Every structure is written in C-alpha cells, then in structure tokens.
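# Descriptive structure summary
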Amino acid sequence: MSCKSCQSQHQRNFGAEIAIHFPGLKGLEKPLVWLFPKPLVCLDCGFTEFTVPEEELRVLAQGTPL
Ligand SMILES: [Zn+2]
C-alpha cells in the first residue's frame, strides 16, 4: 500500500495514544475521547492514517461520553 498523499512506499505503523476533544469552548466541558491506534505514518511527507474504533466513533458521532 502506498501513501495516499504522496504515493511513497516509505510508511510504517507506530503505537500511539490520542486524546480527541470536542471543538470550541463547549468541548472543554466534555471528557476527552482516548484512542490507542496503530497509525500508519508516511515517513516522507508525514501523512498519517488510523481508524477510530467503533465504540469511540459512536461517542464522537453522538457527542455523549461512554
Ligand atoms: Zn506521503
């Protein structure tokens, strides 16, 4: 699979902890949504992709905590 941004083959999976917060001042009142993805990072241009797991995706879509 090649990078979707620059078509490089120079990509690698890493471990990560990502805390997503809702935007704006209202977002500060909501808890962070933690993800532990294995992002695929393009080592040439920096384009990174990962998939939000189903349960956390529901939280982001509905705006309500687990
Ligand atoms: Zn790239």
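Residues numbered from 1 in each chain as written. Predicted model: local features only at pLDDT ≥ 70, side-chain atom pairs only at ≥ 80, totals over all residues. Heavy atoms only, no water.

## Some thoughts on the coordination of the zinc ion
In a perfect tetrahedron of four donors around a metal, the angles come out at 109.5 degrees. In a perfect octahedron of six, they are 90 or 180 degrees. Where we set the bar: A 2.8 Å cut-off from the metal defines N, O and S donors, relaxed to 3.2 Å for Na, K and Ca; water is not in the atom list, so some sites may appear incomplete. Only two sets of limits are used to name each site, 85 to 135 degrees for every angle of a tetrahedral four-donor site, and over 155 degrees for opposite donors with all other angles from 65 to 115 for a square planar four-donor or octahedral six-donor site, with any other site named irregular. Think of it in three bands: residues with accessible area under 20% of the maximum for their type are buried, residues over 50% are exposed, and the middle band is partly exposed, with areas taken using a 1.4 Å probe on protein chains only.
Listed as protein donors to the zinc ion are Cys3 (SG), Cys6 (SG), Cys42 (SG) and Cys45 (SG); their distances from the metal cover 2.3 to 2.4 Å. Considering all 4 donor atoms around the zinc ion, angles at the metal cover 107 to 113° and the coordination shape is tetrahedral. Residue class for Cys3 comes out buried when judged on its relative accessible area of 1%.

## Some words on the side chain of Gln11
This is how the line gets drawn: Note on conventions: DSSP H or I runs of at least 4 residues are helices, E runs of at least 2 residues are strands, and numbering of each starts at the N terminus. For this analysis, a polar contact is any N or O atom pair within 3.5 Å, provided that within protein one partner can donate a hydrogen and the other can accept it, and provided that sequence-adjacent residues contribute only side-chain to side-chain pairs. Contacts are assigned to residue pairs with any non-hydrogen atoms lying within 4.5 Å of each other.
If you trace the backbone, Gln11 turns up in strand S1 (residues 11–13). Side-chain polar atoms of Gln11 contact the backbone nitrogen of Cys3, separated by 3.4 Å. Setting aside anything within four residues of it in sequence, one finds Gln11 in contact with Met1, Ser2, Cys3, Leu40, Val41, Cys42 and Leu43.

## Observations concerning the environment of Ser5
With respect to the helices, strands and loops of the structure, Ser5 is situated in the segment before S1. Ser5 gets classed as partly exposed once you look at its relative accessible area, which sits at 44%. Setting aside its immediate chain neighbours within four residues, Ser5 contacts Cys45 and Phe47.

## Things to note about the sheet that holds strand S4 (residues 40–42)
Let me state the cut-off plainly: Whether two strands pair depends on DSSP finding at least two bridges between them.
With antiparallel pairing, the 3 strands of this open sheet are ordered in space as S1-S4-S5. In this open sheet, the two strands that pair with only one neighbour each are S1 and strand S5 (48–49). Pairing between S4 and S5: 2 bridges, direction antiparallel. If you follow Val41 over to S5, its bridge partner there is Thr48.

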